[in-house]
Amino acid sequence: MSRLMKQFAIASLALTVATSNVNAAGFLDSFFNDLFGPMSPQGRQVVRIQGNYNVGDIIVSFGDRRLYYVESKTIAYSYPIAIPKADARWSGVSYVSQKRENPSWTPTADMRRENPKLPAYVPGGDPRNPLGTRALYLGDSLYRIHGTDAPWLIGQQVSHGCIRMYNEDAADLYRRAKVGAKVVVTWNRMRTL
């Protein structure tokens, strides 16, 4: 995009925000992501939500690159996440089947074929453990919501299907979420106010 077009887009944006009654932070984030690609992710937030969710539900929006923990009918905690690579895309409904502190990690055979330098096993608590310090296991699948040993990848499309979070956010979600909690994984964007 040319410099002049970017300047025009920014001026148009400023006029739109100044003369309207929109949620400026959400609008700007969406606008700049659409215009320039993903920016560095915003941290944990409390947001107002719309929709028919139950307290304790977890909504993973790959479209937003955020995870939402429903605190009440109108409030959710929103966390930045790293999402699956294109060939690992998925969506659906699951549940938290178990929670683990300092989980161990065993890469799948596909992961080791893709990267033969991966270790066969990494114990829990090891700083090189890609699951970080907390993990929520999803149903009977291999997918997890977990921390990370590479926080600079949050906001990126990098995983083999798991949902990565900053370790401090994974610990916060771990404290809030219950075993059995419903987890909705979607590519749709969450309706927030």
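Residues numbered from 1 in each chain as written. Predicted model: local features only at pLDDT ≥ 70, side-chain atom pairs only at ≥ 80, totals over all residues. Heavy atoms only, no water.

**Student:** Residue-level account of unusual backbone geometry, with values.
**Tutor:** Residues other than glycine seldom take positive phi values, yet R65 does so here, at roughly 60°. Positive phi outside glycine occurs at N102, with the angle close to 45°. Relative to the assigned elements, N102 resides in the loop between β6 (92-101) and α3 (109-114). (Helix = DSSP H or I, 4+ residues; strand = E, 2+ residues; numbered from the N terminus.)

**Student:** So what about the pairing of strand β3 (residues 66-70)? Which residues, and what values?
**Tutor:** Burial runs high along β3: five of the five residues are buried. Residues R66, Y68 and V70 line one face of β3 and the alternating positions L67 and Y69 line the opposite face, and both faces are buried. Pairing geometry for strand β2 (residues 58-61) and β3, over four bridges, is antiparallel. Of the residues in β3, the one forming a bridge with S61 is R66. Turn length for the β2-β3 hairpin, with the two strands adjacent in sequence and antiparallel, is four residues, and the turn residue R65 shows positive phi of about 60°. Of the pairings in the sheet, the one linking β3 to strand β4 (residues 75-80) comprises five bridges and is antiparallel in character. Residue pairing across strands places R66 opposite P80, the latter belonging to β4. (Buried < 20%, exposed > 50% of the residue type's maximum accessible area, 1.4 Å probe, protein only. Pairing = 2+ DSSP bridges.)

This is a description of form; function is not addressed.
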